[in-house]
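Reading the structure
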Amino acid sequence: MMFELSGEHETFRKVVRDFAERELAPYVAEWDREHRLPVEVVHAMGELGLFGLVAPEQYGGSDADFTSLCVAIEEIGRVDQSIGATLEAAVGLGINPILGYGTAEQKERWLPDLVAGRALAGFGLTEPEAGSDAGATRTRAELVDGDWVINGAKAFITNSGTPITSLVTVTARTGTDEISSIIVPAGTPGFGVEPGYDKLGWRISDTHGLTFDDCRVPEENLLGGRGDGYRQFLTVLDDGRIAIAALAVGLAQGCL
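This report concerns the structure included in the present document. Since we're looking at a predicted model, the values are computed, not measured.

What follows covers the packing of aromatic side chains. One pass over the structure, following the stated rule, counts four aromatic pairs. On the basis of an interplanar angle of 10 degrees and a centroid distance of 5.1 Å, the ring pair of Phe191 and Phe212 is categorised as stacked. In this pair, Phe191 sits in strand β6 (residues 191–193) while Phe212 sits in strand β7 (residues 207–218), placing the two residues 21 residues apart along the sequence. You can call Phe191 buried: its relative accessible area is 12%.

Structural data, given as structure tokens:
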């Protein structure tokens, strides 16, 4: 069994490494001190095609394999873990739920900007009282006159409060034993973004708590079927485990 990457993957690795050492390495200490994710860095990674690696060409992606994404995360993470996490979350938690479960209309509306790095999206799963046990979600969404009315709170949500955040996909109880996923556009009345956390590490990564106070979004913002949220986020997190492992490899290489 071979454990070496293909020549194409190694060529791609060099492209991402050159970008990270040229565009990130000289500045990450300053951004870390400022606790700031520069929007221009997201745009630059978008121009390099990093957000669209696993997205279809019809949405502006390159339709590459998952290994290519892991190589990119590893190389960005070799220079800075928080920017590597930004990339991982933008794809795994921002793009993939819509790509995997969205309607044709939802994909056409949201994916082109996300794939191009013109926008970021978050995935609102973790709550103050429901972290590892995400099935204990307390956020609720009630269908009222054709709108989902959402009430609750989320915690530690990546890419949720940047100037270019376009949406957060939120898990909420839509019934007694039913968790669904709902797309909440940024700026929706009743959708609050709390100040960024004062973190020990990953300080460039944008991370916030979120609140929902009678936040209303159209019924068609449901992602997939009603009650599919639990299955959706378990699937989404499976890919994330591999991608975060690639991020960890980048950290080890940086240390060495």
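Still to come is the rest of the account.
Take the nonpolar core next. Core analysis: the largest hydrophobic core is formed by 45 residues, its most contacted members being Leu24, Leu50, Phe51, Ile76 and Ile83. When residues of this core are traced back to their parent elements, those giving at least two are α1 (7–24), α2 (28–34), α3 (39–47), α4 (66–79), α5 (81–101), α6 (104–116), β1 (120–124) and α7 (229–255). Those residues in contact with Leu24 that lie beyond four places of it in its chain are Phe19, Trp31, Val41, Ile76, Val79 and Ile83.

We now examine empty space enclosed by the protein. Enumeration over the complete set of coordinates arrives at one cavity of 30 Å³ or more. Around the largest cavity, the lining residues are Phe66, Leu69, Ile73, Glu88, Val91, Gly92, Asn96, Asp239, Gly240 and Ala243. Sorting the residues of the lining of the largest cavity by element identifies α4, α5 and α7 as the ones contributing at least two each. For the lining of the largest cavity, the element with the most residues is α5, which contributes four residues. Broken down by class, the residue content of the lining of the largest cavity amounts to five nonpolar, three polar and two charged.

Moving on to the packing of α5 against α6. Two numbers describe how α5 lies on α6: the axes approach to 10 Å, and their chain directions differ by 150 degrees. The orientation of α5 with respect to α6, classified from their angle, is roughly antiparallel. The element α5 and its partner α6 pack so that their crossing is left-handed. Contact residues: α5 offers Gly94, Ile95, Ile98 and Leu99, while α6 offers Gln106, Lys107, Trp110, Leu111, Leu114 and Val115. Taken together, the residues that form the contact of α5 with α6 break down as seven nonpolar, two polar and one charged.

Conventions adopted
- Residues numbered from 1 in each chain as written.
- Predicted model: local features only at pLDDT ≥ 70, side-chain atom pairs only at ≥ 80, totals over all residues.
- Heavy atoms only, no water.
- Phe/Tyr/Trp six-rings, centres within 6.5 Å; stacked < 30°, edge-to-face > 60°.
- Helix = DSSP H or I, 4+ residues; strand = E, 2+ residues; numbered from the N terminus.
- Buried < 20%, exposed > 50% of the residue type's maximum accessible area, 1.4 Å probe, protein only.
- Core = buried A, V, L, I, M, F, W, Y, C linked by side-chain atoms within 4.5 Å.
- Contact = heavy atoms within 4.5 Å.
- 1 Å grid on protein atoms, 1.4 Å probe; cavity = no way out; pocket = protein on both sides within 12 Å on 5 of 7 lines; lining within 4 Å.
- Points joined across faces, edges and corners; volume = space filled by probe spheres on them.
- Nonpolar A, V, L, I, M, F, W, Y, C, P; charged D, E, K, R; others polar.
- Axes fitted to C-alpha atoms, helices over the stretch in contact; angles between N-to-C directions.
- Parallel < 35°, antiparallel > 145°, perpendicular 65-115°, else oblique.
- Left-handed = near helix turned anticlockwise from the far one by under 90°.

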